[in-house]
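Here's the letter readout for the chains.
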Amino acid sequence: MTTTAGPAQGDRRATYREVLAEPRFRLLFATRTVAVTADALRITTFSVLVYAATGSALLSALAFGIGFVPQLFGSLLLGSLADRLPPHALITGGYGLTCAAALLLALVRMPTVASLGVVALVALATPVLHGASSRLVAQSLRGDAYVLGRSLNNIAASGAQLFGLALGGAAVAALGPHRALAVSAVLYLGCALATLMRLPRLRWEGFDGTHGSARGGDGAVRASLRGAVMLLRARTVRRLMLAQWLPPAFVAGAEGLIVAYAGGRHFAPGWYAVLMGCLPAGMLVGDLLMGRLLRPPARERLVVPLIALMGLPLVGFAAEPGTGVSSCLLLLLCGFGFAYGLGLQRPFLDALPQHGQGQAFGLLGSGSMTLQGVGPACFGAVAAGIGTSGAIALAGGAAALTAGWILTWHPPASSPPAPTPL
């Protein structure tokens, strides 16, 4: 594949305008933003639908999180496809598959177990879609332009998630859950059609160097497992993945307790929604300011302080803030710390083997989603013993300890790259 050189190389700071000028990234950015909106709409609506059908809070919660954990298995078993198949077919097919699943849930009355199975099966393919898209972004943008491209995706994802949640509530109230699911299917269909018609059909043999054939005759599952093992055995890649997995997982554990915390302290009705919105709001501001104002070396130097900023405000919940305003401030600061990820994007990309980027991005995303799904369950169990404020503080302390762990290893940018054969 012929790559497009980004406007920024080395340590020169790029601009968001330069990044959005790249047409391939612009298309992927727009369709991904719409897809995140559709995801939030589908997840919340499906959870409402399951609760309405069963009256079970457990099944409703399972419906909300059923699309997370299977992604890890999808990455381990199918992740190599992101490097072995043309990106046009993978991305278009991925959006088409999610559209079909949402439409099936909307139109067909099926047992709850069957509907949960549909969502779980689609989740298996999600890392392949994300891996192919992320690899294409990495090959379309270079230098600091790539980092700002990831920043734009983070900003748009935060906004789209908030909008999707709000749209889900409005759509269910106005149309009912089945028609609301149909709305999400229409959004996925729009993404599929946009990539089908506007994403270039890149030369397959130039994309992964294999002319579309399996390397060494390996099947997709064997190649995926071998590739995942080799990625995780490379110390630099493993460390950088853990650095991007662990702090968000700890914060997700705290986030899952916000409703209980607000209820236990008798905050005014609706305050829990304000509190939950503070994290993505802080994330949006942090990514925007860090991406726009700082040069690449400065972002990389701030990784440890920003991770500490994620955790330490949550430790403040041990003092049981008495007002919703003070809690909001702590959560905003925590969300701002998520900008630490910008300082890891370039070192992570530099550490990856050239022909394993798609699988690596898929593994990064699926591992993050899985741990963020496990985090609330773990800290929810802890809260049963020590209370919500103590559990939130413990989650923050764990995130802050991650910053200390990073101080014990050499700067990521100076570490040797992972071995190239996958």
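If you're wondering where the values come from, they're calculated on a predicted model, not measured in any experiment.

> For the confidence of the model for the protein chain, give the residues involved together with the corresponding values.
Confidence in the prediction for the protein chain averages 81 pLDDT; 87% of positions are at 70 or higher. Mean pLDDT values over the elements of the protein chain span from 45, in helix H10 (residues 204-208), up to 94, in helix H16 (residues 303-315).

> So, the packing of helix H4 (residues 69-78) against helix H7 (residues 112-140): which residues are in play, and what are the values?
Orientation of H4 relative to H7, taken along the N-to-C sense of each, is 55 degrees, at an axis distance of 7 Å. With respect to H7, the axis of H4 lies oblique. Between H4 and H7 lies a crossing whose hand is right-handed. Residue-level contacts link Pro-70, Gln-71, Phe-73, Gly-74, Ser-75 and Leu-78 of H4 to Ala-120, Ala-123, Leu-124, Thr-126, Pro-127 and Val-128 of H7. Among the residues forming the contact of H4 with H7, the class breakdown is eight nonpolar, four polar and no charged.

> Which residues make up the packing of aromatic side chains, and what are the values?
Scanning the entire structure with this criterion turns up four aromatic pairs. Both rings, one in Phe-250 and one in Phe-379, keep their centres 6.3 Å apart while their planes meet at 85 degrees; by these two values the pair is edge-to-face. You can see Phe-250 sitting in helix H12 (residues 235-255) and its partner Phe-379 sitting in helix H19 (residues 357-386), a full 129 residues away along the chain. With centroids separated by 5.2 Å and ring planes inclined at 80 degrees, the aromatic side chains of Tyr-261 and Phe-317 adopt a geometry described as edge-to-face. In this pair, Tyr-261 sits in helix H13 (residues 258-264) while Phe-317 sits in the loop between H16 and helix H17 (324-336), placing the two residues 56 residues apart along the sequence. Judged on exposure class, the residue Tyr-261 and its partner Phe-317 are both buried.

> Quick rundown of the nonpolar core? Include the residues and the values.
By size, the foremost hydrophobic cluster in this structure holds 81 residues, and its most contacted members are Ile-91, Tyr-146, Val-237, Met-241, Leu-314, Leu-331 and Phe-348. Setting aside its immediate chain neighbours within four residues, Ile-91 contacts Leu-28, Leu-129, Ala-132, Ser-133, Leu-136, Thr-195 and Leu-199. Core analysis: the next-biggest nonpolar cluster, separate from the first, contains eleven residues, Ala-63, Ala-106, Ala-120 and Leu-181 among them.

> Please give an account of the side chain of Gln-359 that cites residues and values.
Secondary-structure assignment places Gln-359 in helix H19. With relative accessibility at 3%, the residue Gln-359 sits in the buried group. Non-local contacts of Gln-359, meaning those with residues more than four positions away in its chain, are made with Ser-75, Gly-79, Ser-80, Ala-82, Asp-83, Ala-223, Ser-224, Gly-227, Ala-228 and Leu-231.

> Pulling in residues and values, what's your account of the side chain of Ser-224?
Inspection of the secondary structure puts Ser-224 in helix H11 (residues 220-233). We classify Ser-224 as buried; its relative accessible area is 0%. What Ser-224 contacts, discounting residues up to four positions off in sequence, is Ser-75, Leu-76, Leu-77, Leu-78, Gly-79, Ser-80 and Gln-359.

> Any details on the environment of Pro-347? Residues and values, ideally.
With respect to the helices and strands, the residue Pro-347 is situated in helix H18 (residues 342-351). When the C-alpha positions of Pro-347 and Val-237 are compared, they lie 9.2 Å apart, and in sequence the two are 110 residues distant.

> Account for the packing of H12 against H18, naming residues and giving values.
A pair of packed helices is characterised by two quantities: the angle between their axes and the separation of those axes. Interhelical geometry of H12 versus H18 gives an angle of 150 degrees and a closest axis separation of 9 Å. Taken together, the axis directions place H12 and H18 in an arrangement best described as roughly antiparallel. In this structure, the crossing between H12 and H18 has a hand that is left-handed. Only Leu-344, Gln-345, Pro-347, Phe-348 and Ala-351 of H18 make contact with H12, whose side of the interface consists of Thr-236, Val-237, Leu-240, Met-241, Ala-243 and Gln-244. Taken together, the residues of the contact of H12 with H18 break down into eight nonpolar, three polar and no charged.

> Just give me the short version of the pattern of salt bridges, but keep the residues and values in it.
Pairing between side chains becomes possible if they bear opposite charge and their charged atoms approach one another. Evaluated as defined, the whole model comprises four salt bridges. Across the salt bridge formed by Arg-32 and Asp-39, the nearest N and O atoms sit 3.9 Å from each other. Arg-135 is paired through a salt bridge with Asp-83; the nearest N and O atoms lie 2.4 Å apart. Of this pair, Arg-135 sits in helix H7 while Asp-83 is found in helix H5 (residues 81-84), placing the two residues 52 residues apart along the sequence. Like Asp-83, Arg-135 is buried.

Conventions and cut-offs
- Residues numbered from 1 in each chain as written.
- Predicted model: local features only at pLDDT ≥ 70, side-chain atom pairs only at ≥ 80, totals over all residues.
- Heavy atoms only, no water.
- pLDDT = per-residue confidence, 0-100.
- Helix = DSSP H or I, 4+ residues; strand = E, 2+ residues; numbered from the N terminus.
- Axes fitted to C-alpha atoms, helices over the stretch in contact; angles between N-to-C directions.
- Parallel < 35°, antiparallel > 145°, perpendicular 65-115°, else oblique.
- Left-handed = near helix turned anticlockwise from the far one by under 90°.
- Contact = heavy atoms within 4.5 Å.
- Nonpolar A, V, L, I, M, F, W, Y, C, P; charged D, E, K, R; others polar.
- Phe/Tyr/Trp six-rings, centres within 6.5 Å; stacked < 30°, edge-to-face > 60°.
- Buried < 20%, exposed > 50% of the residue type's maximum accessible area, 1.4 Å probe, protein only.
- Core = buried A, V, L, I, M, F, W, Y, C linked by side-chain atoms within 4.5 Å.
- Salt bridge = Lys/Arg side-chain N within 4 Å of Asp/Glu carboxyl O.

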